[in-house]
Amino acid sequence: SKSDKVNITIPKSATEHIKAIIGNNKVTIKYDNKSLKITLDNTTLYARLMSGEYLDLSKITSRSGGVTFVVDGQKVSEAIERLSVVAESNTPLVVKLEPNLLSLYCSTPRAELEEYITTDYQGDELKMGMNFRYFSEAVKGTVKLTFDVLSANTGVIIREEDRVQMIMPVAVRA
């Protein structure tokens, strides 16, 4: 019935398309175990649903310890845009934290680039690798980001207003 609650996980790219076509319009939504179909007038969007149990972010985001710092999301977005000129699909992004400074670095056979952004971070130096594309998607179009970092080997939680994302670190060569 119309009042039944449904819990499905939709990939981020699909949600962006959904927001673009829905607006304030009335749509028809159909779904099964594997896919979602949204219809608006003569436009139909199909999206594959994510399968399996999704992480309980409330347990992860309430963890204690580590450090929290705030950074200008627009500056991070712009830095990532400049780094994307040399980044390739499998290029890791090296994220380094020092007091008052966030540095983003990527290296490929054709070039190396590093960007620096001021922050309110006041901890010890910390260096971790991130998937460039995931990090880029997480910070795109943001204004004020809050990062929660437990250690270089655990997921980084990125918050902006009511949006919470977690990115797992990747191994980087020294």
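Described in the following lines is the structure provided in the data block.

Cut-off values and rules
- Residues numbered from 1 in each chain as written.
- Predicted model: local features only at pLDDT ≥ 70, side-chain atom pairs only at ≥ 80, totals over all residues.
- Heavy atoms only, no water.
- Pairing = 2+ DSSP bridges.
- Helix = DSSP H or I, 4+ residues; strand = E, 2+ residues; numbered from the N terminus.
- Axes fitted to C-alpha atoms, helices over the stretch in contact; angles between N-to-C directions.
- Patch = residues over 30% accessible without salt bridge, like charges linked within 9 Å, V, L, I, M, F, W, Y side chains within 5 Å.
- Areas by Shrake-Rupley, 256 points an atom, 1.4 Å probe, with all protein chains shown as cover.
- Salt bridge = Lys/Arg side-chain N within 4 Å of Asp/Glu carboxyl O.
- Phe/Tyr/Trp six-rings, centres within 6.5 Å; stacked < 30°, edge-to-face > 60°.
- Buried < 20%, exposed > 50% of the residue type's maximum accessible area, 1.4 Å probe, protein only.
- 1 Å grid on protein atoms, 1.4 Å probe; cavity = no way out; pocket = protein on both sides within 12 Å on 5 of 7 lines; lining within 4 Å.
- Points joined across faces, edges and corners; volume = space filled by probe spheres on them.
- Nonpolar A, V, L, I, M, F, W, Y, C, P; charged D, E, K, R; others polar.

1. As for the sheet that holds strand S1 (residues 28–31)
Right, so step 1: Sheet architecture is open: three strands sit in the order S1-S2-S3, paired in antiparallel fashion. Here the strands that pair on one side only, and so sit at the sheet edges, are S1 and strand S3 (43–48). Geometrically, the sheet is characterised by an average inter-axis angle of 15° between neighbouring strands, direction not taken into account.
Right, so step 2: In the sheet, strand S2 (residues 35–40) pairs with S3 via six bridges, with the strands oriented antiparallel. Each bridged residue has a counterpart across the sheet, and for Thr-39 the counterpart in S3 is Thr-44.

2. Comments concerning a nonpolar patch on the surface
Right, so step 1: Taken together, Val-6, Ile-8, Ile-29 and Tyr-31 make up a surface patch of nonpolar side chains, about 350 Å² in accessible area.
Right, so step 2: Among the structural elements, Ile-29 can be located in strand S1.

3. Overview of the packing of aromatic side chains
Each aromatic ring pair is summarised here by two numbers: the centre-to-centre distance and the angle between the ring planes.
Right, so step 1: The final tally for this structure, using the stated rule, is three aromatic pairs.
Right, so step 2: A ring pair is formed by Phe-69 and Tyr-121, whose centres lie 5.6 Å apart and whose planes are at 75°; its orientation type is edge-to-face. Of the two residues, Phe-69 sits in strand S4 (residues 67–72) while Tyr-121 sits in the loop between strand S7 (111–118) and strand S8 (126–131), which places them 52 residues apart along the sequence. In terms of burial, Phe-69 and Tyr-121 fall into one category: buried.
Right, so step 3: Exposure remark for Phe-69: the relative accessible area of 2% places this residue in the buried category.
Right, so step 4: Counting every residue linked through ring pairs, the aromatic cluster contains Phe-69, Tyr-121, Phe-135 and Phe-147.

4. Points about empty space enclosed by the protein
Right, so step 1: In total, this model carries one cavity of 30 Å³ or more according to the counting rule given.
Right, so step 2: There is about 40 Å³ of room inside the largest cavity.
Right, so step 3: For the largest cavity, the full set of lining residues is Phe-69, Val-95, Leu-97, Met-128, Met-130, Phe-135, Phe-147, Val-149 and Val-156.
Right, so step 4: Sorting the residues of the lining of the largest cavity by element identifies strand S5 (92–98), S8 and strand S9 (144–149) as the ones contributing at least two each.
Right, so step 5: Looking at the lining of the largest cavity residue by residue, the class counts come to nine nonpolar, no polar and no charged.

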